[in-house]
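# Examining the three-dimensional arrangement
Now for the letters of each chain:
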Amino acid sequence: MSATVPAPSLAPPGTRTAVRLVQVRKTYPNGLGETEALRSVSVALQPGSFTAVMGASGSGKSTFLNCAAGLDTPTSGQVVIGDQDLTVLSADALTQFRRRHVGFVFQAYNLVGHLTVAENVQLPLMLDGRRPDPAWQDHLMHAVGLAGMEDRRPGQLSGGQAQRVAIARALITRPAVVFADEPTGALDSRTGDQILDLLRSAAQSLGQTLVLVTHDARVAAVADQVLFLDDGRVSGHLQAPTVEQIAAVLLTAGR
Ligand SMILES: Nc1ncnc2c1ncn2[C@@H]1O[C@H](COP(=O)(O)OP(=O)(O)OP(=O)(O)O)[C@@H](O)[C@H]1O
Ligand SMILES: [Mg+2]
């Protein structure tokens, strides 16, 4: 695996990083002992970069994303977004920081059923005591193809439409970093492609850093770099990956 290295610093030393994990460990109790979901993961991502995260089921991808996004707290180690070390923040300060600077797209959409589409999109602002910018919200609703559906409830949407709402919700605060955990996993490939284009073009136009978990080598090949996880460790990475290179790494990993 000549194109991969064991512990990548994907941003050159001395440059600013958008997301930095330093020796992050995460263990979960599991009855008898502990599951080591992340074992000393160190990664540095450049501002504006698009990173795909790949690995077998249970390799730690969601744990990595949740720790990097401040949704979960590492057992030890440091997570830094921009200049802010998340691991020194109180729970309230972390929540506030996340609402202002981080967007998250969940695999299962996580929309609030009794709120309308528009209210779901505005939720991160409302929870932070801020008012939506109507022009920006309008722009987003058009960009995700949901203009005219503002008053619907999530139960009246297809999977693709629900995920578009989730993307608009993740972008409404213009976050510096957007994390997406298999955002197209439940969608057919055409809808999935559209959702990915949407995320990528939004990230590009806003200069956002995008980190996306995917099982799809085709999807990962669009990223600037791919990070491979195996049993809680970074097992390799590829810069400017091709589908063939990604497939080769996945094959070597026995998948
Ligand atoms: N809340 C939790 N409590 C206990 N163990 C957990 C918890 N979350 C994850 N784990 C364990 O940590 C390991 C990594 O899980 P994680 O969800 O990060 O994997 P993943 O790579 O996202 O898998 P998948 O592709 O199936 O989504 C697994 O062994 C999992 O069982
Ligand atoms: Mg997962």
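Quick notes on the rules
Residues numbered from 1 in each chain as written. Chains lettered and ligands numbered in written order. Predicted model: local features only at pLDDT ≥ 70, side-chain atom pairs only at ≥ 80, totals over all residues. Heavy atoms only, no water. Helix = DSSP H or I, 4+ residues; strand = E, 2+ residues; numbered from the N terminus. Rg over C-alpha atoms; globule rule 2.2 N^0.38 Å. Buried < 20%, exposed > 50% of the residue type's maximum accessible area, 1.4 Å probe, protein only. Contact = heavy atoms within 4.5 Å. Areas by Shrake-Rupley, 256 points an atom, 1.4 Å probe, with all protein chains shown as cover. Lys, Arg positive; Asp, Glu negative; His and termini not counted. Charge placed at Lys NZ, Arg CZ, Asp CG, Glu CD. Pairing = 2+ DSSP bridges. 1 Å grid on protein atoms, 1.4 Å probe; cavity = no way out; pocket = protein on both sides within 12 Å on 5 of 7 lines; lining within 4 Å. Points joined across faces, edges and corners; volume = space filled by probe spheres on them. Nonpolar A, V, L, I, M, F, W, Y, C, P; charged D, E, K, R; others polar. Axes fitted to C-alpha atoms, helices over the stretch in contact; angles between N-to-C directions. Left-handed = near helix turned anticlockwise from the far one by under 90°. Near = heavy atom within 4 Å. Polar contact = N/O pair within 3.5 Å; in protein donor to acceptor, adjacent residues only side chain to side chain. Core = buried A, V, L, I, M, F, W, Y, C linked by side-chain atoms within 4.5 Å.

### Overview of the overall build of the chain
The secondary structure content of the chain amounts to 8 helices and 10 strands. Taken over C-alpha atoms, the radius of gyration comes to 18 Å for the chain, in line with the 18 Å a tight globule of 255 residues would show. The principal-axis extent of the C-alpha atoms belonging to the chain is close to 50 × 45 × 40 Å. With 255 residues in all, the chain has 49% of them scored as buried. Nonlocal contacts in the chain, meaning residues at least 24 apart in sequence, comprise 70% of its contacts between residues at least 6 apart. Total accessible area on the chain is roughly 11700 Å²; 50% of this is exposed by carbon and sulfur atoms. One finds the centroid of the 21 positive side-chain charges in the chain at a distance of 2 Å from the centroid of its 22 negative side-chain charges.

### So, the sheet that holds strand β2 (residues 34-45)
Taken together, 4 strands build an open sheet; the order of strands is β2-β1-β4-β5 and the sheet is antiparallel. Looking at which strands have only one partner, the edges of the open sheet turn out to be β2 and β5 (84-85). Across 2 bridges, strand β4 (residues 76-81) lies against β5 in antiparallel orientation. Paired with V80 across the bridge in β5 is D85.

### Considerations on the layout of surface pockets
Here the largest pocket defines a volume of roughly 370 Å³. Forming the walls of the largest pocket are 15 residues, and the residues nearest its centre are R98, R99, F104, F106 and P124. Mapped onto the lining of the largest pocket, the elements with two or more residues apiece are α2 (91-101), β6 (102-105), α3 (117-127) and α5 (159-171). Of the residues assigned to the lining of the largest pocket, the class counts are 9 nonpolar, 3 polar and 3 charged.

### Section: the packing of α3 against α5
Between α3 and α5, the least distance of the axes is 7 Å, while the angle of their chain directions is 35°. At the point where α3 passes α5, the crossing takes the right-handed sense. Contact with α3, carried on its side by V117, N120, V121 and P124, involves V165, A168 and R169 of α5 and no other residues of that element. Taken together, the residues of the contact of α3 with α5 break down into 5 nonpolar, 1 polar and 1 charged.

### Regarding the sheet that holds β6
One open sheet accounts for 6 strands, arranged β6-β7-β8-β3-β9-β10; its pairing is mixed. Pairing within the sheet leaves two strands with one partner each, and these edge strands are β6 and β10 (233-239). If you compare each strand with its neighbour and ignore which way they point, the axes differ by 15° on average. For β6 and strand β7 (residues 177-181), the ladder comprises 4 bridges, and the chain directions are parallel. Bridged to V105 within β7 is A180.

### A word on the site of ligand 1
For ligand 1, the set of nearby residues contains 13 residues, the closest of which are S57, G58, K61, S62 and T63. Between ligand 1 and S62 there is a distance of 2.9 Å, counted from an oxygen atom to a backbone nitrogen or oxygen. Between ligand 1 and T63 there is a distance of 2.5 Å, counted from an oxygen atom to a side-chain nitrogen or oxygen. Summarising the interface, the protein chains cover 60% of the accessible area of ligand 1, which totals 630 Å² for the free molecule. Those elements giving two or more residues to the shell around ligand 1 turn out to be β2 and α1 (61-68). With 3 residues, α1 is the largest single contributor of residues to the shell around ligand 1. Split into classes, the residues belonging to the shell around ligand 1 amount to 3 nonpolar, 8 polar and 2 charged.

### Details of the nonpolar core
Core analysis: the biggest nonpolar cluster contains 45 residues, and I167, L199, F228 and I246 have the highest contact counts within it. Considering each element in turn, this core owes the most residues, 7 residues, to α5. Not counting residues within four places of it along the chain, the set of residues in contact with L199 comprises V105, I167, V178, A180, P183, L210 and L212. L45, F97, F104 and V234 belong to the second-largest nonpolar core, a separate cluster that totals 28 residues.

### Quick look at the environment of Q239
Locating Q239 in the fold gives a position in strand β10. Here Q239 falls in the partly exposed class, since its relative accessible area comes to 43%. Taking C-alpha positions, Q239 is 6.7 Å from V226, a pair spaced 13 residues apart along the chain. Of the polar contacts made by the side chain of Q239, one reaches the side chain of H237; its length is 3.4 Å.

Just distances and angles here, no functional claims.
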